[in-house]
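# Observations on chain architecture
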Amino acid sequence: MSLTKCSLFFRMNTRLSSLYNVSVNSRNELIRRYCSSQASERKLRIGCASGFWGDTATSAPQLVHYGNIDFLVFDYLSEITMSLLTAAKHKFPELGYAPDFIQAVMAPLLGDIKKKGVRVISNAGGINPHSCAAALKEVAKKSGVDLKVAVVTGDNIISKKSDIFESSVCDIDSGISMPKSLVSMNAYLGATPIARALDLGADVVITGRCVDSAVVLGPLMHTFGWTTDDYNLLAQGSLAGHLVECGAQVTGGIFTDWHTVPDWDNIGFPIAECSSDGSFIITKPPKTGGLVSVPAVAEQLVYEIGDPKNYLLPDVTCDFSQVKLTQVTEGESVAVTGALGSIPSDKYKVSATYTDGYRVTAVCPTAGINAAEKGRRTAESILKRVRKILKFLGLEDFTQTNIQMIGAEESYGPHSNSPNPREIVIWMAAQHSQKKALEILSREIAPAGTGMCPGLTGIVGGRPRVSPVLKLFSFLYPKENVTVNVEVDDHKETVEIQQPRTTSSSSNSTPETPTESKCETGTFSYTLGQLAYARSGDKGNSANIGVISRDPAFVPYLREALSEDAVKKYFGHILESDIDNQVQRFELPGIHGFNFLLKGALGGGGVASLRSDPQGKALGQMMLDFKIDGVPDLLSRMK
C-alpha cells in the first residue's frame, strides 16, 4: 500500500470504528502498524522553517522550492513568546497567535505548498489557535486554494485555575506557591494529537502549546505507524525534532567556530531525513550556506536540556547520553543514532504566566575617557533623583533595579579584560509595582544628556516605554485531567492520551561518572575554547551550558577541570545564593560532551529579568575563556 493510500485508509476511521466497535486508540495502532510495514523503505523529509517567532521569512520558500520535503514545520513558541501572546490577547481577543505565520509565510506559498503536496504543522496558534486557523482559512479562500486545516486544543487549562490553586501546587524550580494573578496556563502537549490530525487528512495542523519536538514527531508517528509505546522510536523522533526545532542553529547558526560557517545571508534551514527504524540524517537544501557538521549538530543536541539521561517529554522519557553523530557528506549532512526511550510521566508540564508589576529599560550610548565610570555615575544619579521624587509623592521604592555598562565587560564579572573602555552603552532597568512610578523614571533619563554625563549621545529608541512584567510559573499536572481535542472542518474528536502504568524516574538523577586516575600534568595552559565547543540556553530562571570536546583525548582533562564547584565559582557573580545543587554536571559520552545546569542564573529569566542577557545566550561564549592550566601539550594529540 502506498503512503497516499495509507492516508486514505486513515480517513476511513469513523466507518472502521462503527463496523468493528474498536476504540480510537486501538484502531489507530492497527492502522499505523499496517502502514508501517508498507513504508519501511520510505525516507521522510521534514524541514523546519522557524526556530522562534520572528525568524527569517526566506526559510519557508527555500525549503518548499528546493528542499524536496514532505512536511514543513514551524516552532514559534518559547516561554517569552507565550507571555507576549498572552498580553496581546488580553488587549485584542482576536489575537494571541503568531500573525507572521499567516501573512508573511503561508499566504505567498499556499499554491506551491498545495501543488507539491507538502503538509504543514505549526504551533503558531499560541493561546488562540482557532483564530489562527480562521485567518489561514480566509487567506486560502481568497487564494482559491482548497485547504483542510486542523486545530489541536486542550493545552489551555486556565479554566481549571481555581481547582489547581486549591491543590497548593508549587513552582518546580523556585518552589514558590502559585500566585493569584495568573493570566495564562498552558500544558505542553505531545505529538499524539498532531498525528491524529494528520490521520484525519489535514493539510495544515495548527496547535497551541506543545513541546517543540512534537511538530516533527507527529508526522513520523502518522507516516511510519509508530505507536505510543514504541519508546526508542519516539525518542529518536523527538531527538530529530529537538535538533531542528531552532531552525538554523543546527545548520551552523551561532556555532562556536562561526568563522568557518559560510554565507550567513543564505544559510540553509534544516531538514531531518527520517527512516522508519528511527535513524535520521540532518541536512539542508542544496546550494545554501551554513554548515552541517558533527560539532554543529552536537552543540544543538545539548541546547536547553538538563539531564541528558532523563529528558522528559509528554510522549517519552529520552536518554540522549549515548547518541552518536557521524559525518555523511562534508559540511552537508550528519547521521544521528542512539537515542533511547522509556515510559513517559503521567503528568504534563504546565507553563503559567502571572503579572508582577511593571518594568522599564533605558539604553544610552556614551563615549569618552572613563566612559564606564561616567555611565555608572549617570545611571545611579538618575535612580537617586527619581527615588527622591517617589518619596515625595508617597510611592514605594523600586522593586528591583539593574545597571550594566555594556562594553566594559561587566557581565564577565571578575573575568573582565576591559575595565576602562572609551565607549560604552548604559543599560539601566527597573521594576516597580506601579506603572506611574516607572513613567517618572522614563521622563527623567533624557535630562542626563544636559545635566550629567559628558558624551552621552542619546537614548536608543527614544523615551523608554513602560511594560507589564509577566513571570513564569511552571508545575506538573495530571494528564488524565486534560482533555485534548482535534478539530478538522466540522469533525471534532477527543484524542485518547495513553496513560503510562508507572511514572518515569526523577529528572534529577545523577549519571555515573567514569572512574579514572588523575590526569597527567604538564606546563601548558589553554582556554576552554581551544579544547571544546560550547552552547548555552535557558529554561525559566535556569541556564544550561553544553560543552563538547574537540577531541576524545581531551575529555579526561575537561572532566577534571570543569567540576561543578569550578563552574559555580566561575559564574558566581551571576548566580543567586541559597540554592541547593546550584550547578549540576551531566555527561554525554556519545558526543564526548558535558552539560552544566545553572539554577538561578538569569535574574528571573525571560521577560522578568532586568539583565541584558535574560536568556543566557552569552554564557557559553563566556565559558570559552575558562582557563585550564598545568596540562600536557594536548593540541598535539588531536587526531
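Here goes a summary of the coordinates provided.

Calculation criteria
- Residues numbered from 1 in each chain as written.
- Predicted model: local features only at pLDDT ≥ 70, side-chain atom pairs only at ≥ 80, totals over all residues.
- Heavy atoms only, no water.
- Helix = DSSP H or I, 4+ residues; strand = E, 2+ residues; numbered from the N terminus.
- Rg over C-alpha atoms; globule rule 2.2 N^0.38 Å.
- Buried < 20%, exposed > 50% of the residue type's maximum accessible area, 1.4 Å probe, protein only.
- Contact = heavy atoms within 4.5 Å.
- Areas by Shrake-Rupley, 256 points an atom, 1.4 Å probe, with all protein chains shown as cover.
- Phe/Tyr/Trp six-rings, centres within 6.5 Å; stacked < 30°, edge-to-face > 60°.
- Lys NZ or Arg CZ within 6 Å of the ring centre and 35° of its normal.
- Salt bridge = Lys/Arg side-chain N within 4 Å of Asp/Glu carboxyl O.
- 1 Å grid on protein atoms, 1.4 Å probe; cavity = no way out; pocket = protein on both sides within 12 Å on 5 of 7 lines; lining within 4 Å.
- Points joined across faces, edges and corners; volume = space filled by probe spheres on them.
- Nonpolar A, V, L, I, M, F, W, Y, C, P; charged D, E, K, R; others polar.
- Pairing = 2+ DSSP bridges.
- Axes fitted to C-alpha atoms, helices over the stretch in contact; angles between N-to-C directions.
- Expected span 1.5 Å × (residues − 1).
- Bend = angle between axes of the 7 residues up to and from the residue.

Of regular secondary structure, the protein possesses 19 helices and 25 strands. Here the C-alpha atoms of the protein give a radius of gyration of 26 Å, agreeing with the 26 Å that 2.2 N^0.38 yields for 639 residues. Burial analysis of the protein (639 residues in total) assigns 55% to the buried set. Within the protein, residue pairs in contact and separated by at least 24 positions form 76% of the contacts whose partners lie at least 6 positions apart. In the structure as shown, the protein presents an accessible area of about 27,200 Å², 51% of it carried by carbon and sulfur atoms.

Let us look at the packing of aromatic side chains. On inspection of all chains with the given rule, the structure shows 12 aromatic pairs. Ring centres of Phe74 and Tyr76 lie 5.9 Å apart, and the angle between their planes is 10 degrees; on these two criteria the pair is classed as stacked. Through pairs of rings, three or more aromatic residues link up here, namely Phe74, Tyr76 and Phe101. We note Arg550 situated over the ring of Tyr533; from NZ or CZ to the ring centre the distance is 4.1 Å.

With that settled, consider the environment of Gly616. The topology assignment puts Gly616 in the loop between β24 (593-598) and α19 (619-623). Judged by relative accessible area, Gly616 falls into the buried class, the value being 0%. Expressed as a C-alpha distance, the spacing of Gly616 and Gln236, which sit 380 residues apart in the sequence, is 27 Å. Every residue in contact with Gly616, bar those within four places of it in the chain, is listed here: Ser536, Gly537 and Leu602.

This paragraph deals with the pattern of salt bridges. Once the charged atoms of two side chains with opposite charge are near each other, the side chains can pair. Throughout the structure, instances matching the rule amount to 18 salt bridges. Between Arg196 and Asp199 there is a salt bridge, and its shortest N-O distance comes to 3.9 Å. You can see Arg196 and its partner Asp199 sitting in helix α9 (residues 192-199), 3 residues apart, about one turn around the helix. Classification of Arg196 as buried rests on a relative accessible area of 2%. Across the salt bridge formed by Arg196 and Glu493, the nearest N and O atoms sit 2.6 Å from each other. Taken together, the residues Arg196 in helix α9 and Glu493 in strand β19 (residues 491-494) connect sequence positions 297 residues apart. Grouping residues by exposure puts Arg196 and Glu493 together as buried. Several salt bridges converge on common partners, so that one network encompasses Arg196, Asp199 and Glu493.

Under the definition given, this model contains 4 cavities of 30 Å³ or more. Approximately 180 Å³ is the volume attributed to the largest cavity. Lining of the largest cavity is provided by 18 residues; of these, Thr192, Pro314, Asp315, Ile497 and Gln498 occupy positions nearest its centre. Split into classes, the residues belonging to the lining of the largest cavity amount to 11 nonpolar, 5 polar and 2 charged. Lining the second largest cavity are Glu79, Met82, Ser184, Asn186, Tyr188, Arg209, Ser351, Thr353 and Leu472. Of all the elements in the fold, those that place two or more residues in the lining of the second largest cavity are α5 (79-91), β5 (182-187) and β14 (347-367). In terms of residue class, the lining of the second largest cavity is built from 3 nonpolar, 4 polar and 2 charged.

Sheet strands pair via backbone hydrogen bonds, and the direction of the pair is either parallel or antiparallel. The 4 strands are arranged β21-β22-β24-β23 in an open sheet whose pairing can be described as antiparallel. Edge positions in the open sheet fall to β21 (532-539) and β23 (583-588), since each of these has one partner strand only. Each strand axis lies, on average, 20 degrees off the axis of its neighbour in the sheet, ignoring direction. Relative to β24, strand β22 (residues 542-549) is paired through 6 bridges, and the arrangement is antiparallel. Looking at β24, one finds that Asn544 is bridged to Leu597.

With 17 residues, helix α6 (residues 100-116) ought to run about 24 Å at 1.5 Å a step, and its terminal C-alpha atoms sit 22 Å apart, in line with that. The largest bend in α6 is about 60 degrees, located at Leu110. If you check which residues of α6 are buried, you get Phe101, Ile102, Val105, Met106, Leu109, Leu110 and Ile113. Buried positions along α6 lie against α4 (59-66), β2 (71-74), β3 (119-122), α7 (129-143) and β6 (204-207). Following α6 by one or two positions, Gly117 adopts a phi angle in the positive range, close to 75 degrees.

Residue placement: Pro262 occurs in the loop between α11 (231-244) and β7 (271-274). Expressed as a C-alpha distance, the spacing of Pro262 and Gly252, which sit 10 residues apart in the sequence, is 8.7 Å. With residues near it in sequence (within four places) discarded, Pro262 still touches Gly289 and Gly290.

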